[in-house]
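Summary of the model geometry
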Amino acid sequence: MDGEQRANLDDLRRRALDDNYSPPALTSTLEQDVLDGSERLNLSHAGGELNLPGEGVFLGLEEDFTHEVRSQSKRYDWRTRTDQTERRNQAFQSQMEGLTDAYMRFCAEDELRGRHGGNRWEELELRRQTRAGDSPTVEAVYEIKVVDSFETRTVDVDVSDTQGRLNIANLVVAGLMPCAPYTPHVAFTIRVLESYRTLHARCPQLAIHAYVKALCDQHEVEYYPYLRQQFSNAYDVYLEIRRRTDARVMNALGRDDSWRLKHACPACTYKLEGEDDLIFDMLTMMDGNDSLKRVLRRSKVEQDDESSEPTLGPSRERVDNRDAGDGYFIDRGMVEEWAKRRLADILPMEANSDEDNPCADRWKNMINDVTSKMWGIFDETGIFLALCRHGFVLVIADMIRSGELAKYPLAVVKLLLDTFGFKLGAGYDVGCHFGTTVNNSDLGEQARAQGFKSLVGSFHGHAHNRLCQLNFLATYVKGLDIEDLEGCERFFSRSNGLAKSCRYASRFHRQQEISTYCKQIDAVETYANLSNFLCTNYRQALNILKTEPALHAWMEREGIEDVETFHEWLREEREYLLGLKAASRKDVETLEMEYIRKLRKLQDSTAKHATLLGLARQANRDDGDFVPGVRKEDVARRHAKDRVDRDREAVRELERLLEVSQTWTESSPKWSETVVAIQRRDYQAALNALELVVVERIFELTKVNRSQTGYKMRTHIGKALQARSKAVRNAIERYNAAARELTPPKPDLTWNQVVEYAFLGDFDLLRDAEAVVLSHPWTRPAYRMYMDNYFKTLRAKEEIKRLNVEIPRVITWIQDETRVLEKKEEALERAEDGTDEEQRRSWHLAVQVRLYRQRRGRFNAGHMARFRKLAGTPSFTGSIRPGRAVEVTESRRAQRAADGELLSRVNGDSEDEMEGVEETPAAADAPPTGEDGVDDDEEGEDAHNEEVGELLYHISRIGLDDGDRPRADDDG
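Rules behind the numbers
- Residues numbered from 1 in each chain as written.
- Predicted model: local features only at pLDDT ≥ 70, side-chain atom pairs only at ≥ 80, totals over all residues.
- Heavy atoms only, no water.
- Helix = DSSP H or I, 4+ residues; strand = E, 2+ residues; numbered from the N terminus.
- Buried < 20%, exposed > 50% of the residue type's maximum accessible area, 1.4 Å probe, protein only.
- Contact = heavy atoms within 4.5 Å.
- Areas by Shrake-Rupley, 256 points an atom, 1.4 Å probe, with all protein chains shown as cover.
- Disulfide = S-S within 2.5 Å.
- UniProt positions renumbered as here; feature names shortened; annotations may be inferred.
- Pairing = 2+ DSSP bridges.
- Axes fitted to C-alpha atoms, helices over the stretch in contact; angles between N-to-C directions.
- Parallel < 35°, antiparallel > 145°, perpendicular 65-115°, else oblique.
- Left-handed = near helix turned anticlockwise from the far one by under 90°.
- Nonpolar A, V, L, I, M, F, W, Y, C, P; charged D, E, K, R; others polar.
- Patch = residues over 30% accessible without salt bridge, like charges linked within 9 Å, V, L, I, M, F, W, Y side chains within 5 Å.
- Salt bridge = Lys/Arg side-chain N within 4 Å of Asp/Glu carboxyl O.
- Lys, Arg positive; Asp, Glu negative; His and termini not counted.
- Charge placed at Lys NZ, Arg CZ, Asp CG, Glu CD.
- Expected span 1.5 Å × (residues − 1).
- Phe/Tyr/Trp six-rings, centres within 6.5 Å; stacked < 30°, edge-to-face > 60°.

1. Examining the overall build of the protein chain
- Assigned secondary structure in the protein chain consists of 38 helices and 9 strands.
- With 972 residues in all, the protein chain has 45% of them scored as buried.
- Partitioning the contacts of the protein chain with sequence separation of at least 6, the portion at a separation of at least 24 is 76%.
- Roughly 53300 Å² of accessible area belongs to the protein chain as shown, and the carbon and sulfur atoms make up 49% of that amount.

2. Notes on the state of the cysteines
- Tallied over the entire structure, the rule returns 0 disulfides.
- Note on Cys-388: no disulfide assigned, nearest cysteine sulfur contributed by Cys-265 at a separation of 3.8 Å.
- Judged by its relative accessible area of 0%, Cys-388 is buried.

3. Some details on the UniProt feature "coiled-coil region" (unreviewed entry) in the protein chain
- Residues annotated in UniProt with the feature "coiled-coil region" (unreviewed entry) correspond here to residues 814-841.
- With 79% helix and 0% strand, the stretch residues 814-841 has end C-alpha atoms that lie 28 Å from each other.

4. Here we look at the sheet that holds strand β2 (residues 152-157)
- With mixed pairing, the 4 strands of this open sheet are ordered in space as β2-β1-β4-β3. Single-partner strands in this sheet number two, and they are β2 and β3 (176-178). Neighbouring strand axes in the sheet, compared pairwise and without regard to direction, differ in orientation by 40° on average.
- The pairing of strand β1 (residues 142-147) with strand β4 (residues 186-189) spans 3 bridges and is parallel. Within β4, the residue paired with Lys-145 across the bridge is Val-186.
- Contacts from helix α8 (residues 190-202) reach β1, β3 and β4 within the one sheet, and its direction differs from that of β4 by about 60°.

5. Overview of the packing of helix α25 (residues 548-558) against helix α33 (residues 781-829)
- Packing of α25 against α33 leaves a shortest axis separation of 10 Å and a crossing angle of 140°. By the criterion of interaxial angle, the relationship of α25 to α33 is oblique. Where α25 crosses over α33, the two elements pack in a sense that is left-handed. Counting all contacts with α25, which are made through Glu-548, Ala-550, Leu-551, Trp-554 and Glu-558, the residues of α33 involved are Ala-782, Tyr-783, Tyr-786, Tyr-790 and Lys-797.
- Here the contact of α25 with α33 is built from residues that sort into 7 nonpolar, no polar and 3 charged.

6. Quick word on the sheet that holds strand β5 (residues 282-289)
- Here 5 strands make up an open sheet; going across it, the order is β7-β6-β5-β8-β9 and the pairing mixed. The sheet terminates laterally at β7 (393-400) and β9 (453-455), the two strands that pair on one side only. Strand-to-strand, the axes of this sheet are offset by a mean angle of 20°, without reference to chain direction.
- Across 7 bridges, strand β6 (residues 380-388) lies against β7 in antiparallel orientation. In the strand pairing of β7, Leu-385 is matched with Ile-396.
- Strand contacts of helix α16 (residues 407-420): β5, β6, β7 and β8 (424-427), with the helix running at about 155° to β7, the strand carrying the most contacts.

7. Brief notes about a positive patch on the surface
- Together, Lys-601, Lys-608, Arg-643 and Arg-646 make up a region of like positive charge exposed at the surface.
- Elements that contribute at least two residues to the positive patch include exactly α27 (591-619) and α28 (632-658).
- With respect to the element layout, Arg-646 can be found in helix α28.
- Judged by relative accessible area, which is 54%, Arg-646 ranks as exposed.

8. Some words on the pattern of salt bridges
- Scanning all chains against the criterion turns up 50 salt bridges.
- The salt bridge involving Arg-571 is made with Glu-564; its shortest N-O contact spans 3.4 Å.
- On the basis of relative accessibility, which here comes to 39%, the residue Arg-571 falls in the partly exposed class.
- Residue classification places Glu-564 among the partly exposed residues on the basis of a relative accessible area of 39%.
- Through salt bridges with shared partners, a single network forms among Glu-97, Asp-101, Glu-240, Arg-243, Arg-244, Arg-248, Glu-837, Arg-840 and Arg-841.

9. Some points on the packing of helix α5 (residues 96-113) against helix α34 (residues 836-857)
- It is the contact of α5 with α34, at a shortest axis distance of 9 Å, that shows an interaxial angle of 70°. Classified by the angle their axes make, α5 and α34 are roughly perpendicular. Seen from α5, the contacting residues are Asp-101, Tyr-103, Met-104, Arg-105, Cys-107, Ala-108, Glu-109, Glu-111 and Leu-112; seen from α34, they are Arg-840, Arg-841, Trp-843, His-844, Leu-845, Val-847, Gln-848, Arg-850 and Leu-851.
- Here the residues of the contact of α5 with α34 are counted per class, giving 9 nonpolar, 2 polar and 7 charged.

10. Here's the deal with the environment of Leu-261
- Considering the arrangement of structural elements, one finds Leu-261 in helix α11 (residues 259-262).
- Between the C-alpha atoms of Leu-261 and Gly-327, which are 66 residues apart in sequence, the distance is 8.0 Å.

11. What to know about the pairing of β7
- For β7, the tally of buried residues reaches 8 of 8 residues, placing the bulk of the element in the interior.
- Between the antiparallel neighbours β6 and β7 lie 4 residues, among them Gly-391 with a positive phi of about 105°.

12. With respect to the environment of Leu-171
- Take Leu-171: it is sitting in helix α7 (residues 169-173).
- By relative accessible area, which is 1% here, Leu-171 ends up buried.
- Each C-alpha atom of the pair Leu-171 and Leu-99 lies 9.1 Å from the other, and the pair is 72 residues apart in sequence.

13. What about α16?
- In a regular helix each residue adds 1.5 Å, so 14 residues correspond to 20 Å; α16 covers 20 Å between its end C-alpha atoms and thus fits that length.
- Of the residues making up α16, those classed as buried are Lys-407, Tyr-408, Pro-409, Leu-410, Ala-411, Val-412, Val-413, Leu-415, Leu-416, Leu-417 and Phe-420.
- Directly after α16, the chain includes Gly-421, whose backbone phi takes a positive value near 85°.

14. As for the packing of aromatic side chains
- Per the counting criterion, the structure on display carries 25 aromatic pairs.
- Relative to Phe-231, the ring of Phe-188 has its centre 5.2 Å away and its plane inclined at 85°; by these criteria the two rings are edge-to-face. One end of the pair, Phe-188, is in strand β4; the other, Phe-231, is in helix α10 (residues 225-252), with 43 residues separating them in the sequence. You'll find Phe-188 and Phe-231 in the same group, each marked buried.
- Seen in terms of ring centroids, Tyr-196 and Phe-231 are 5.7 Å apart; in terms of plane orientation they differ by 85°. Their pairing is edge-to-face.

Encoded structure:
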């Protein structure tokens, strides 16, 4: 740079520092964009930019700008769709805190105006205006197309900040959700997005594609695919804002990420002081479902040969690290800890590996799936779900490119044990097999220490064999109440509607669909039906107990003195089935029997050798056809001769062991005796095997023929029997073959005879069994029916005991949750500390706490009404008075301990300053506490609430009693 150029540069610096200096007006838009830094100026390396003194620099720049504009061609956008999507997501994420603030402000102002009382964006429609002052004119109005439920309007709204720049947060304040992060031309009203969210939860089949088409029909415009993309963008932003808003509410309430799972169900998790001990503290159910699978996007691979199988190309999935799980999904890394390389050592591979697992040789899905290959077109192949017995979603695991592997339930059980602790029961359709898997895994020690038990649901249990049912069927498991553990099937019947929205979605959108659905269903359906579930189960259990007098009357007629007899029958039946299973496997064949079999085998091989020898001689005759090399007849003859030699050697070895001097023939004395023993043994083995498979199915057919078995249960059992009918047919064929060998021969058994047998007593074939099974009372249909009725009454009593625990839990939860939320809401509304902006934010947060309370609290009145009606039932033995939660007491004790430690620390630090001054006991400054350590004000409040609850309880009982009490004129 020469001296002239440096002087011109210094002159520009002086002018820039002079506040009274105004540069010449620039007419080119490109010039303004370059000077304010929003556009880059393309300059060559020729130099000369500073050769003009003073304002000539600006004139030279303007000339360069004009040339740049004229020579600039249309810029080609080299960005891919992946780049555009990633940049859009990043742009929205960078503004999300401001958008969340704006949404909370919108909700607060919307509540003041009356919820959804009008279109807020209509108030922001303005004429063009300019800002006052010496600054040049700045346009403060932005034109945007607003899509509402029944209209679309292009409006001018003021969405600029103090600098005149576009701020999309102002759109959210106006009740609009933009579909682009910086310069949106289309925005959707929040009520349209909220309408779709609630409709989609109630009707999962309603996808975005169909909803946007419906909007187009309402607006009488043509549908284009980009409209769906715009709505999807706005909907994603809206759901992310709602998630962040809920996170702020939870944070204000002092609830961390694990709080949702620990308090998923009030009836299961909100334990009270002094409540009865249960066999299972919590009953859960889990199962896998492959409806919510997702196609993995792959690149196309050109095939050289049209006849060759198609080859899957590499993945072209866009990486999207956004998380929409809402705390429902298990991290994939936790699942992979139980991956395939560890399962090979823990799965029971042998049928006799565990005597308590009679289905180990039948339910092979968990073993076969270890080495199975899922279709390569899918990434997530379904979900593995865990629910509590009331239907609240606990946790979800994605099944990744596999079937229902054992690693998914293992990961779920590990998380549930770590969260809920002891005495957990988990229902699973293959729970009999899974229990062995848990015991053999690294989780086994923890599961045994915490009392975990794997169970089988009632619906799937009837598809298992009878021996398995005696161990795992819900009717016979102590502590299972009348719970069927089949809630996952009911959940999947509704959630399968999400398949249309998830099949071709991205990983993020699929997860968002599932978590949003679960969250909404938990809040507005499962929680709403909670009291109905409890009250219906209570009445159902009472109806079962009404059959108890008939049971005792029958026992008296039949001479059954004690109900322990029913337990003895179950043990006898189990021992009988185990004996059949062992008898069908054991081999008690004697040496004489083996000698006869070897002799028969030697006779057969000798006869076959003689036949092949004749064929070989005929082929080698002079008039035979010439064949080069060795003839196949000669090869077959040599092989037959080798078999004869082996069989003769086996016979000689047995003759040596039996000390037989002369080979037996059919005329030998011991031949006939041994043949009869062989026939009897073969027949008995075939009979035992047939009896085992038929007895199990007859017991299931007995369930089908009962009057209280529903159509779906009958169909399910029938399909299970049909699927296993091949085993029955094979057993029948083996039996018939053995029966024909007897002297005299037994009649053949046909398939039609077996399928027509309804009860064990009709199966005349079993009278020939070694064990006289028909002599046992439990084989008679009437006895079995009353035995099952007895166990159902036991389960009904357990159900009432559990409901007497769960109902007060729900009532206490309603009281405590309402009190906590109201106190927090009041504290946030009365917050006076901080700046005006902080107070405004506190008010916005108070509105969100109130909305959160109203969403869950709207069902509480219905809950209490159902509980009060149940309390009026004469057989009701529980209480509808609220109790004291264990976690509330523990929280107060922890807070008191922390306050006491802080107070003692403060007193210790001030001892030197207080020297010479009379000491005041620390207890005088501390809040007064009762004998049990609870603050007096809190204890008084609890006592008041208990008194009010008891009063309401007695009032409800009086009202119901008055309604049920007969009038004076009723007697005539």
